[in-house]
Amino acid sequence: MRVGVIGTGHVGLVSCASLALMGHQVVGCDSDPEKISLIRSGVAPFYEPGLDDCLRDEMASGRLTFTSDVQEAVRGAEVVFICVGTPPRASGEANLLAIEQAVRQFARYATGPAIAVAKSTVPAGTAGRVQRVLLLERPDLAGQLDVVSNPEFLREGTALEDALHPDRILVGASSPRALETMRRLYEPLLNHGCKLIETDIRTAELAKHACNAFLALKISYVNALARLCEKVGADVVTIADVMGADARIGRAFLNAGLGFGGYCFPKDIQAFERLAAGLGYEFTLLREVARINEEAVAATIEKMRGVLWNLEDKRIALFGLSFKPGTDDIRFAPALALARRLIEDGASVVGYDPQAGPNAKEELPELEVVLDPYEAAVKCHAVVICTEWPEFRSLDLVRLRNALIFPLVIDGRNLFDPSDMRAAGLLYYPTGRPPVEPDDLAS
Ligand code: UGA
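Please read all numbers here as calculations on a predicted model, not as lab measurements. (Residues numbered from 1 in each chain as written. Predicted model: local features only at pLDDT ≥ 70, side-chain atom pairs only at ≥ 80, totals over all residues. Heavy atoms only, no water.)

Looking now at the layout of surface pockets. Here the second largest pocket defines a volume of roughly 600 Å³. In this structure, the second largest pocket is lined by 23 residues; those nearest its centre are Leu 96, Pro 123, Gly 125, Thr 126 and Arg 129. Counting residues per element, the ones that place at least two in the lining of the second largest pocket are α5 (97-109), α6 (126-137) and α12 (265-278). For the lining of the second largest pocket, the element with the highest residue contribution is α6, accounting for six residues. (1 Å grid on protein atoms, 1.4 Å probe; cavity = no way out; pocket = protein on both sides within 12 Å on 5 of 7 lines; lining within 4 Å. Points joined across faces, edges and corners; volume = space filled by probe spheres on them. Helix = DSSP H or I, 4+ residues; strand = E, 2+ residues; numbered from the N terminus.)

Written out as structure tokens, the structure reads:
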């Protein structure tokens, strides 16, 4: 099928690559010509494992092209994916201006029957507005332009894998023709047993917010438990294992730590809460989820003060600056929230990240960024593990200990085995688990 994709952010670019891999003829477009020339050279504007190779292969096959002219992407396309950003307004509501503009462009340049597929996370009711725009803009194509809600569930860091092997495809549509087109589009995945859930449009829109908010809720729940565990001396990791052994609960997303970040959960739970409030329902649970998430950074600072006392003359190393491993995305990263608070409190802060260093430096110039974790630790009073990059697991802990002025490690992701920390002579504060002191400090 001939497919256009408007917007080449994470969802857009991964959609371009995966749709081309499925055998479709795809034209991706973005209003930023510099971004398009970078992508054309085979380099994604962000780090996503496997994506650059895939883009190069698919461009070489001729199935995938890119343009900064939206008309080229829409003209002759049977399906046009709308993958533009929905950033938060100051009120927390989603700003849907880019969606409206993309839909108007779709309407303007459509040359025949076509479907606008809303991939971006949008408040329930958005597709209804899209439908009205289509009718107003193209009365000549009345009944031929459709809108479908097809929310994306991919995660940064494993985005290609998620797009090619999703655990479900959700399609909200109001016309049988649109549904049939979407089934054809996803046929290669459906033939491999992927589950297709077909609903009305509003249900699909709401389901996406419901999924993200529920995952965020699980994280805040376990983080609240972590605070309690720290007070009574219990172990949150074991509690999460006990909870996770119950199939009704599940172990996933019960990892206590510095909390959730990224461009999805923080803004989506806010937008969801605002949507509900606008509809007359006070979804206060979601406000608590956000509050508990913010508490995680504050709790880390309290731990540090508990051991180091004043922070003014202290040097702190942050390991991991991206909001999660496998990405260079620092948007709403807990590590940066922590860095800002520490800098405000007068500490000097140095960070290391396998991918996100340059982005972090650009966002927070006061943060010193180095290229090696041991170098980051030199003359520091504490290391905080902010992102669980797998490479941190194989750190030489004795070398780390020797680089530090004071041997404190605060593990904001519960990455390490406490006994390894004790053996290396480190004072170790995990999250929601009892701290361990090295034998020489304890005595
Ligand atoms: C999330 C959802 O998982 C995707 O299904 C969804 O498609 C995407 O948002 C989106 O709406 O676009 P993503 O933001 O890439 O994906 O990352 P996640 O893997 O969900 O992690 C989000 C945050 O939660 C990270 O900061 C991570 O460190 C944190 N997290 C995750 C925890 O603190 N504890 C956990 O147990 C799991």
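In this description, an aromatic ring pair is defined by two values, namely the gap between the centres and the angle between the planes. With the rule as written, the count across this model stands at seven aromatic pairs. Site record: aromatic cluster; members linked through ring pairs are Phe 253, Phe 260 and Phe 265. For Arg 108, the ring lying beneath its charged end belongs to Tyr 109, and the centroid distance is 5.7 Å. Across the ring face of Phe 153, the terminal group of Arg 168 is positioned such that the distance to the ring centre comes to 3.6 Å. (Phe/Tyr/Trp six-rings, centres within 6.5 Å; stacked < 30°, edge-to-face > 60°. Lys NZ or Arg CZ within 6 Å of the ring centre and 35° of its normal.)

A few words on the domain arrangement of the protein. Assigned domains within the protein: domain 1 (2-199) and domain 2 (200-443). In this structure, domain 1 and domain 2 have C-alpha centres spaced 33 Å apart. On the domain 2 side, the residues contacting the 32 residues of domain 1 number 26 residues. Across the interface of domain 1 and domain 2, roughly 2,400 Å² is buried in total on both sides, 61% from carbon and sulfur atoms. Run the count over domain 1 and domain 2 and you get one salt bridge. The partner of Arg 331 in a salt bridge is Glu 156, with the nearest N and O atoms 3.8 Å apart. At the surface where domain 1 touches domain 2, the tally comes to ten residue pairs in polar contact (both at pLDDT 80 or more). (Domains from an automatic or database assignment. Contact = heavy atoms within 4.5 Å. Buried area = accessible area lost by both parts, 1.4 Å probe. Salt bridge = Lys/Arg side-chain N within 4 Å of Asp/Glu carboxyl O. Polar contact = N/O pair within 3.5 Å; in protein donor to acceptor, adjacent residues only side chain to side chain.)

Peptide bonds are, in most cases, trans, and in most cases residues other than glycine have a negative phi. Phi is positive for Trp 309, which is not a glycine, with a value near 70°. With respect to the helices and strands, the residue Trp 309 is situated in the loop between α13 (284-308) and β9 (315-319). A relative accessible area of 68% places Trp 309 in the exposed class. Within the chain, Asn 414 stands out as a residue other than glycine whose phi angle is a positive 45°. Assignment of secondary structure puts Asn 414 in the loop between β13 (408-411) and α18 (418-423). Residue classification places Asn 414 among the buried residues on the basis of a relative accessible area of 16%. (Buried < 20%, exposed > 50% of the residue type's maximum accessible area, 1.4 Å probe, protein only.)

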